[in-house]
Amino acid sequence: KNSAKPRTVIFTQGSESTLVACDGKVVEYAVESLAKEQLVDTNGAGDAFVGGFLASLLAEKEVGTCVEAGHWAARFIIQQSGCTLTKACEYKL
């Protein structure tokens, strides 16, 4: 157990806001809406969120920036068929 950092819990809820609970506080982060015609496949959305979030966390970004990166990654992957990348990642940490 690392007592130097508070435990953080993240609740993703699809198109609903993401909730981050840390140090006795809960912060809500809105998810940018996506037109239904852009939604192709939700497989991998959670994994993509985790990947974006952790990449930013390892780059020592603030939690809000980490959530933003997670949202970006999930939004990107749900516009693809399956867990495929049809183009290079344009997100910059």
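A quick note: this is a predicted structure, and the numbers were derived from the prediction, not measured.

## Regarding the overall build of the chain
Scanning the chain for helices and strands turns up two helices and three strands. Listing each helix as α and each strand as β along the chain from the N terminus yields β-β-β-α-α. The dimensions of the chain, computed from C-alpha atoms along their principal axes, are 45 × 25 × 20 Å. Out of the 93 residues in the chain, the part that is buried amounts to 24%. Here the chain has roughly 6,700 Å² of accessible surface; of this, 53% comes from carbon and sulfur atoms. Side-chain charges of the chain comprise 9 positive and 11 negative groups, with the mean position of each set lying 6 Å from the other.

## So, the nonpolar core
Soluble globular proteins tend to bury their nonpolar side chains together. By size, the foremost hydrophobic cluster in this structure holds 11 residues: Val-20, Ala-45, Ala-48, Phe-49, Phe-53, Cys-66, Val-67, Ala-73, Ala-74, Ile-77 and Ile-78. Secondary structure elements with two or more residues in this core: helix H1 (45-58) and helix H2 (63-77). With five residues, H2 is the largest single contributor of residues to this core. Residue contacts for Phe-53: discarding those within four places in its chain leaves Ile-10, Val-63, Cys-66, Val-67, Ala-69 and Gly-70.

## Focus: the environment of Ser-81
Residue placement: Ser-81 occurs in the segment after H2. Considered as a pair, Ser-81 and Asp-41 are 40 residues apart in the sequence and their alpha carbons are 5.6 Å apart. Not counting the four nearest positions on each side in its chain, Ser-81 is found in contact with Val-40 and Asp-41.

## Regarding the environment of Thr-18
Summarising the element assignment, Thr-18 is placed in strand E2 (residues 16-22). The class of Thr-18 is buried, set by a relative accessible area of 1%. Put simply, Thr-18 and Lys-61 are 43 residues apart on the chain and 17 Å apart in space, counted from C-alpha to C-alpha. With sequence-adjacent residues up to four places away left out, Thr-18 is seen in contact with Ile-10, Phe-11, Thr-12, Val-27, Glu-28, Tyr-29, Val-31, Phe-49, Val-67 and His-71. A distance of 2.7 Å separates the side chain of Thr-18 from the side chain of His-71, its partner in a polar contact.

## Some details on the sheet that holds E2
What the three strands build is an open sheet, ordered E1-E2-E3; its pairing is antiparallel. Every interior strand has two partners, whereas the edge strands, strand E1 (8-13) and strand E3 (25-29), have only one. Ignoring which end each strand starts from, the neighbouring axes of this sheet average 15 degrees apart.

The rules we used
- Residues numbered from 1 in each chain as written.
- Predicted model: local features only at pLDDT ≥ 70, side-chain atom pairs only at ≥ 80, totals over all residues.
- Heavy atoms only, no water.
- Helix = DSSP H or I, 4+ residues; strand = E, 2+ residues; numbered from the N terminus.
- Buried < 20%, exposed > 50% of the residue type's maximum accessible area, 1.4 Å probe, protein only.
- Areas by Shrake-Rupley, 256 points an atom, 1.4 Å probe, with all protein chains shown as cover.
- Lys, Arg positive; Asp, Glu negative; His and termini not counted.
- Charge placed at Lys NZ, Arg CZ, Asp CG, Glu CD.
- Core = buried A, V, L, I, M, F, W, Y, C linked by side-chain atoms within 4.5 Å.
- Contact = heavy atoms within 4.5 Å.
- Polar contact = N/O pair within 3.5 Å; in protein donor to acceptor, adjacent residues only side chain to side chain.
- Pairing = 2+ DSSP bridges.
- Axes fitted to C-alpha atoms, helices over the stretch in contact; angles between N-to-C directions.

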